[in-house]
Amino acid sequence: RLQSPLAPTPTMPKTKMPSLLLLLLLLPLAHALAGAALQRNASQEVQPRLAASKAFPEAPEEANWTAGAVIPRGEKLDANASSCSWAAYKQCDSRWRNEPLGTSSSNTICRAGCAMSSLAMYLTTRGHSINPSELNKWLNAHGGYAQSDLLVWSAVDSAFGVSYQGQETGVAVATLQRGLAACHGIIANVRGGSHWVLLTGYAGNDAFEVHDPGFNQATYPHSQMLRFAVYH
């Protein structure tokens with residue numbers, strides 16, 4: 001039997017390919033827009049979203065660990081950690097535990113206010129007597145949160161006479177000790193990246209005393225501190 005004649009091949013509709021010239025013209029514009037977006041994102045460093053993760057945004061310039069702390073209004077700080085009189089607050093204090101953190105519809109101070117509460121402790125230590133509820137309200141009114149509830153670390157600088165220096169990883173034990181001796185505010189990221197605490201002293205054996213706003217834990221080993229936010 002002879003092979004049946006092949007059916008005619010259907011003619012494919014012609015499609016217009018994008019112009020290579022047009023693509024070449026648009027690429028520089030796309031790169032420029034992406035660069036501008038990155039520059040805007042880097043203008044204000046914010047607290048990373050709490051998660052049991054070691055993934056953090058790129059660190060800013062290195063913190064200055066040797067300069068003395070900025071003197072608060074009308075007061076003098078003794079460059080001795082034992083003289084700093086570190087304040088202590090709990091984020092789940094019944095007076096503010098259920099208050100929304102920032103303008104969040106889901107997070108409360110109790111649930112996610114560890115960084116903000118640690119900052120309130122440092123500001124109170126510096127003589128400003130502001131608790132987490134009061135600081136939360138102040139931050140809301142002064143652009144102190146990004147994405148509804150992420151702390152903008154430098155928002156308090158001018159109003160409270162402090163100076164946010166930036167964040168670092170892998171800071172040596174001796175360097176942290178020098179910072180504490182100068183009464184610097186050192187807020188450490190612990191528990192796998194899910195929590196922030198205020199350092200208050202050196203406990204020996206590479207461990208540091210802390211004021212923990214969320215847990216009843218008085219010390220953390222240096223090896224469990226992933227990142228440090230620093231204030232003068």
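Definitions and cut-offs
- Residues numbered from 1 in each chain as written.
- Predicted model: local features only at pLDDT ≥ 70, side-chain atom pairs only at ≥ 80, totals over all residues.
- Heavy atoms only, no water.
- Helix = DSSP H or I, 4+ residues; strand = E, 2+ residues; numbered from the N terminus.
- Buried < 20%, exposed > 50% of the residue type's maximum accessible area, 1.4 Å probe, protein only.
- Contact = heavy atoms within 4.5 Å.
- Areas by Shrake-Rupley, 256 points an atom, 1.4 Å probe, with all protein chains shown as cover.
- Pairing = 2+ DSSP bridges.
- Axes fitted to C-alpha atoms, helices over the stretch in contact; angles between N-to-C directions.
- Phe/Tyr/Trp six-rings, centres within 6.5 Å; stacked < 30°, edge-to-face > 60°.
- Lys NZ or Arg CZ within 6 Å of the ring centre and 35° of its normal.

(A) Highlighting the overall build of the chain. Counting its secondary structure elements, the chain contains six helices and eight strands. Helices and strands in the chain line up, N terminus first, as α-α-α-α-β-β-α-β-α-β-β-β-β-β. Buried positions account for 44% of the 232 residues belonging to the chain. The long-range fraction of contacts in the chain, counting pairs at least 24 apart against all pairs at least 6 apart in sequence, stands at 66%. Surface summary for the chain: the accessible area is close to 13,000 Å², and the carbon and sulfur share equals 55%.

(B) Highlighting the sheet that holds strand β8 (residues 227-231). Taken in spatial order, the six strands make up an open sheet running β3-β8-β4-β5-β6-β7, and their pairing is antiparallel. This sheet does not close on itself; its edge strands, each paired only once, are β3 (164-168) and β7 (219-221). In this sheet, neighbouring strand axes are inclined to one another by 35 degrees on average, regardless of whether the strands run parallel or antiparallel. The strands that helix α3 (residues 114-125) touches are β4 (185-190), β5 (195-204), β6 (207-211) and β8; relative to β5, the one it contacts most, it runs at about 50 degrees. Its contacts with the sheet put helix α6 (residues 173-181) on β4, β5, β6 and β8, and the angle it makes with β5 is roughly 95 degrees.

(C) Here's a closer look at the packing of aromatic side chains. Going through the model one piece at a time under the given rule, you end up with eight aromatic pairs. The interplanar angle of 10 degrees and the centroid separation of 6.1 Å between the aromatic rings of tryptophan 153 and tyrosine 164 together place this pair among those described as stacked. Note that tryptophan 153 is positioned in the loop between β2 (150-151) and α5 (157-160) and tyrosine 164 in strand β3, a separation of eleven residues in sequence. Clustering of aromatic rings is evident, with ring pairs tying together Trp86, Tyr122, Trp153, Tyr164, Trp196 and Tyr231. Directly above the aromatic system of phenylalanine 215 lies the positively charged group of arginine 191, at a separation of 3.6 Å from the ring centroid.

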